[in-house]
Number of protein chains: 2
Amino acid sequence: MIKLYYHPISFPSLGPVFAAEAMEVTYEKEVVDLQAGQQSSPEYLEINPYGKVPAMKNGDFTMSESAAIMRYLARKAGSEFYPENIEAQAEIDQWIDFVNHHIRSAVARVQFNRFVAPMIGADIDESSVQTGLGFLKSNLPIIENRLSENAFLCGDTMTLADIALIAALEPEKTARLDLSAYSKLSAWLGTRRTETFYTNVHSHFGAEMGI
Amino acid sequence: MIKLYYHPISFPSLGPVFAAEAMEVTYEKEVVDLQAGQQSSPEYLEINPYGKVPAMKNGDFTMSESAAIMRYLARKAGSEFYPENIEAQAEIDQWIDFVNHHIRSAVARVQFNRFVAPMIGADIDESSVQTGLGFLKSNLPIIENRLSENAFLCGDTMTLADIALIAALEPEKTARLDLSAYSKLSAWLGTRRTETFYTNVHSHFGAEMGI
């Protein structure tokens, strides 16, 4: 059976879990205890030699990287979340990369400095926070515009690109992101977070840690 | 005909050009003059409404994002650079994302502050440079290890993952990256840069700007 390795506070690692739920893939999941250093244990390095979450194991086949795992799950399931048509795949690929390079990476800067660094006693880099917020201010309007014109990023139905977006914006509260200027996006996220694929994972980001 | 829009100093935008050359795709390319602001011109926004390079146009179909365009080119060409097998695609997807998220993004921090910022008179963020160099120090040994075990990132033959790596490390000199600790990677890059797919594009990164 497909097994997904993740940690509930690693938002890139939630992408494959949401994808598996949304595509109704039969899978099991296992939390890798990042705080205890389990990602560097010999057992976990057998699954992912690079010591990061997420990872995936299916029989003897193992792999890592959030969007790569999501594509693998969709292909195995023959899911319409990543249909076979070349142009449809191209559009989904484009939006996955737009989200991960221009939104998720910016959220990561803010989340690290506002949430993770204080927790682990690391230095806070306010300049990195401001750079991240600047990227979001440039790129979130593009997402807002897409969701004003379409029900989902790539049209009328949910695809892997939407799952990437939902995962990227998980730290909305912990990173103290203000999304109020993006009314379509805020409403869209609110709806997605009431859907079964999401509530089967958690009630909200951080719930597993009592946040 | 497939048309690729790029700028020779935007290293993510070189990925699709190298990929088209390596897969012997029939294509034409057009430089978008970033210094003159051509990426914001009405004509270019018809191609890519998000005002970035790279972009691709094939008939009425347009798209953006470096790795997404590379996959599109490979699928259209039926190329072994991205074969149909699900596990092979998964491995290539994993390494494209490993390279783009953990190498290219780090190179971008260093390149921006050491090369672009002085050119455009922007502030230099030394802390961002150090963060980028730190990421490279953590992640380049993984690449070095892969290239010690395999001729290419995903085995015996070149794939889109290798093209992503070559593009990501284009700013080796302009960002003053010291790759001497990674002898396999250095030799591998040196060889790739003598190959036709590369020399058809330029003699070295920056050559078009007289660098």
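## Concerning empty space enclosed by the protein
Argument step 1. In the structure shown here, the tally under the stated rule is two cavities of 30 Å³ or more.
Argument step 2. Each pocket or cavity is described by its volume, and for the largest cavity that value is around 40 Å³.
Argument step 3. Lining the largest cavity we find Pro12(A), Gly15(A), Ser66(A), Ala67(A), Met70(A), Asn100(A), Arg104(A), Ile163(A), Ala164(A) and Ala167(A).
Argument step 4. Only α1 (11–22), α3 (66–77), α4 (86–120) and α6 (160–168) of chain A provide two or more residues apiece to the lining of the largest cavity.
Argument step 5. Of the residues belonging to the lining of the largest cavity, the class tally is six nonpolar, three polar and one charged.
Argument step 6. Space inside the second largest cavity adds up to approximately 40 Å³.
Argument step 7. Considering the residues around the second largest cavity, the lining is formed by Pro12(B), Ser66(B), Ala67(B), Met70(B), Asn100(B), Arg104(B), Ala164(B) and Ala167(B).
Argument step 8. At the level of elements, α3 (66–77), α4 (86–120) and α6 (160–168) of chain B are the ones that each hand at least two residues to the lining of the second largest cavity.
Argument step 9. In terms of residue count, the dominant contributor to the lining of the second largest cavity is α3(B) (three residues).

## Observations concerning the nonpolar core
Generally speaking, a soluble globular protein has its nonpolar side chains buried in company with each other.
Residue and element names in this part refer to chain A.
Argument step 1. With 66 residues, the main nonpolar core has Ile143, Leu160 and Leu185 as its most contacted residues.
Argument step 2. Contributions of two or more residues to this core are made by β1 (2–6), α1, α3, α4, α5 (126–149), α6, α7 (183–192) and α8 (196–199).
Argument step 3. Among the domains, domain 1 (2–77) and domain 2 (86–199) are the pair contributing at least three residues each to this core.
Argument step 4. For Leu160, the residues in contact, after removing those within four places along its chain, are Ala19, Met23, Met70, Arg71, Ala74, Phe81, Tyr82, Ile92 and Ile96.

## Description of a negative patch on the surface
Argument step 1. Among the surface-exposed residues, Glu80(A), Glu84(A), Glu80(B) and Glu84(B) lie close enough to one another that they form a single negatively charged patch.
Argument step 2. Within the secondary structure, Glu84(A) is located in the loop between α3 and α4.

## Section: the pattern of salt bridges
Pairing is possible between side chains of opposite charge, provided their charged atoms come close.
Argument step 1. Taken as a whole, this structure holds 14 salt bridges over all chains when the rule is applied.
Argument step 2. Note that Asp93(A) is salt-bridged to Arg71(A), the shortest N-O span being 3.0 Å. A residue pair is termed long-range when its members are at least 10 positions apart, and Asp93(A) in helix α4 and Arg71(A) in helix α3 qualify at 22 residues. With respect to burial, Asp93(A) and Arg71(A) carry one shared label: buried.
Argument step 3. Where Glu91(B) meets Arg146(B), a salt bridge forms, and the shortest distance between an N and an O atom there is 3.1 Å. One end of the pair, Glu91(B), is in helix α4; the other, Arg146(B), is in helix α5 (residues 126–149), with 55 residues separating them in the sequence.
Argument step 4. What you see here is one network of salt bridges that share partners, running through Arg71(A), Asp93(A) and Arg75(B).

## Some thoughts on the confidence of the model for chain A
Argument step 1. When pLDDT is averaged along chain A, the result is 97; 100% of the residues meet or exceed 70.
Argument step 2. Per the prediction output, this complex has pTM 0.97; the corresponding ipTM is 0.97.

## So, the domain arrangement of chain A
Residues and elements named next belong to chain A.
Argument step 1. On domain assignment, one finds that chain A holds domain 1 (2–77) and domain 2 (86–199).
Argument step 2. Taking only C-alpha atoms, the centre of domain 1 and the centre of domain 2 are 20 Å apart.
Argument step 3. Listed as interface residues are 15 residues of domain 1 and, on the opposing side, 18 residues of domain 2.
Argument step 4. For the pair domain 1 and domain 2, the summed buried area comes to about 1,400 Å², and 77% of that belongs to carbon and sulfur atoms.
Argument step 5. A per-residue breakdown of the area domain 1 buries against domain 2 is headed by Phe11, Phe18 and Arg71, which together make up 48% of the total.
Argument step 6. Counting every contact that joins domain 1 to domain 2 gives one salt bridge.
Argument step 7. Inspection of the region where domain 1 meets domain 2 yields one residue pair in polar contact (both at pLDDT 80 or more).
Argument step 8. Listed by contribution, the elements that provide at least two residues to the side of domain 1 that touches domain 2 are α1 and α3.

## Structural notes on the sheet that holds strand β3 (residues 55–58) of chain A
All names here are of chain A.
Argument step 1. Read across the open sheet, the four strands follow the order β2-β1-β3-β4; overall the sheet is mixed. Edge positions in the sheet fall to β2 (27–31) and β4 (61–64), since each of these pairs with one other strand and no more. With direction set aside, neighbouring strand axes in the sheet form an average angle of 20°.
Argument step 2. In terms of strand pairing, β3 meets β4 through four bridges, oriented antiparallel. Within β4, the position partnered with Asn58 by the bridge is Phe61.
Argument step 3. Across the face of the sheet, α3 comes into contact with β1, β3 and β4 while running at roughly 135° to β4.

## Concerning the interface of chain A and chain B
Argument step 1. Each side of the interface is counted separately: chain A has 32 residues, and chain B has 32 residues.
Argument step 2. For the pair chain A and chain B, the summed buried surface comes to about 3,000 Å²; carbon and sulfur atoms form 52% of the total.
Argument step 3. Looking only at chain A, the three residues that lose the most surface to chain B are Tyr50(A), Glu65(A) and Arg75(A), adding up to 21% of its buried area.
Argument step 4. In this structure, the connection of chain A to chain B is made through four salt bridges.
Argument step 5. Between Asp93(B) and Arg75(A) there is a salt bridge; the shortest N-O distance is 3.0 Å.
Argument step 6. Taken together, the connections running from chain A to chain B amount to 16 residue pairs in polar contact (both at pLDDT 80 or more).
Argument step 7. For the side of chain A that touches chain B, the secondary-structure elements that each account for two or more residues are β4, α3, α4 and α5 of chain A.

What counts as what
Residues numbered from 1 in each chain as written. Chains lettered and ligands numbered in written order. Predicted model: local features only at pLDDT ≥ 70, side-chain atom pairs only at ≥ 80, totals over all residues. Heavy atoms only, no water. 1 Å grid on protein atoms, 1.4 Å probe; cavity = no way out; pocket = protein on both sides within 12 Å on 5 of 7 lines; lining within 4 Å. Points joined across faces, edges and corners; volume = space filled by probe spheres on them. Helix = DSSP H or I, 4+ residues; strand = E, 2+ residues; numbered from the N terminus. Nonpolar A, V, L, I, M, F, W, Y, C, P; charged D, E, K, R; others polar. Core = buried A, V, L, I, M, F, W, Y, C linked by side-chain atoms within 4.5 Å. Buried < 20%, exposed > 50% of the residue type's maximum accessible area, 1.4 Å probe, protein only. Domains from an automatic or database assignment. Contact = heavy atoms within 4.5 Å. Patch = residues over 30% accessible without salt bridge, like charges linked within 9 Å, V, L, I, M, F, W, Y side chains within 5 Å. Areas by Shrake-Rupley, 256 points an atom, 1.4 Å probe, with all protein chains shown as cover. Salt bridge = Lys/Arg side-chain N within 4 Å of Asp/Glu carboxyl O. Lys, Arg positive; Asp, Glu negative; His and termini not counted. Charge placed at Lys NZ, Arg CZ, Asp CG, Glu CD. pLDDT = per-residue confidence, 0-100. Buried area = accessible area lost by both parts, 1.4 Å probe. Polar contact = N/O pair within 3.5 Å; in protein donor to acceptor, adjacent residues only side chain to side chain. Pairing = 2+ DSSP bridges. Axes fitted to C-alpha atoms, helices over the stretch in contact; angles between N-to-C directions.

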